[in-house]
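Residue-level structural notes
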Amino acid sequence: MKIWIVFDSYFGNTEQIARQVGNALSGRHTVEVLRVGEVNPADVAQVDCVIVGSPTRGFRPSEATTGLLKSFERGSLRGKSVAAFDTRIPTEQIKSGLLRLIVNAGGYAAPAIAKKLQRSGGNLAAPPEGFFVTGTEGPLLEGELQRAAQWAESLLPA
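Residues numbered from 1 in each chain as written. Predicted model: local features only at pLDDT ≥ 70, side-chain atom pairs only at ≥ 80, totals over all residues. Heavy atoms only, no water.

A few words on the overall build of the protein. For the protein, the count of helices and strands is five helices and six strands. Listing each helix as α and each strand as β along the protein from the N terminus yields β-α-β-β-α-β-α-α-β-β-α. Relative to a compact globule of 158 residues, whose C-alpha radius of gyration would be 15 Å, the protein shows 15 Å and is just as compact. Expressed as a percentage of the 158 residues in the protein, the buried residues total 47%. Counted over contacts in the protein with a minimum sequence separation of 6, partners at least 24 positions apart contribute 79%. Accessible surface for the protein amounts to roughly 7,800 Å². Of this, 49% is attributable to carbon and sulfur atoms. The distance from the centre of the 17 positive side-chain charges to the centre of the 15 negative ones in the protein is 8 Å. (Helix = DSSP H or I, 4+ residues; strand = E, 2+ residues; numbered from the N terminus. Rg over C-alpha atoms; globule rule 2.2 N^0.38 Å. Buried < 20%, exposed > 50% of the residue type's maximum accessible area, 1.4 Å probe, protein only. Contact = heavy atoms within 4.5 Å. Areas by Shrake-Rupley, 256 points an atom, 1.4 Å probe, with all protein chains shown as cover. Lys, Arg positive; Asp, Glu negative; His and termini not counted. Charge placed at Lys NZ, Arg CZ, Asp CG, Glu CD.)

Structure representation (structure tokens):
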């Protein structure tokens, strides 16, 4: 199976998760880990699975990630497995109750990514996943890289 793991990253946290997902899948599959700017949407016909990750920025994916998702033509992911992940600050670390309420109402990047992948015809392999950072610039919380590997292994049958 040929897999694309596509990511955007501002401070390196989302990239670390993407690379860990790639490492977990590379033993059984052909994996390419690509920044969003390296992807040619026309080439998506050559892959079997597309996994997209983005930092959560203003309750949604980065602009570059959103632009890439919009560039996939309707039906271009038909018959392909898809998955989505993001990096985010845990809501329990947000001190302001009002801000925590806004974050809970506004959401995160992964569900929006998953919805757009499905609108392009993709079959969601797992619910969208969030990986946690300690602050706006990170680093990742302890154990998140291991959790990313476990999540990756659960996406596709052996």
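Picking up after the structure, the text goes on.
Taken together, Phe-59, Leu-98, Leu-99, Leu-101 and Ile-102 make up a surface patch of nonpolar side chains, about 460 Å² in accessible area. Structurally, the position occupied by Leu-99 is in helix H3 (residues 97–106). Taking the relative accessible area as the measure of exposure, Leu-99 reaches 42% and is therefore partly exposed. (Patch = residues over 30% accessible without salt bridge, like charges linked within 9 Å, V, L, I, M, F, W, Y side chains within 5 Å. Salt bridge = Lys/Arg side-chain N within 4 Å of Asp/Glu carboxyl O.)

All we've got here are geometric facts, nothing functional implied.
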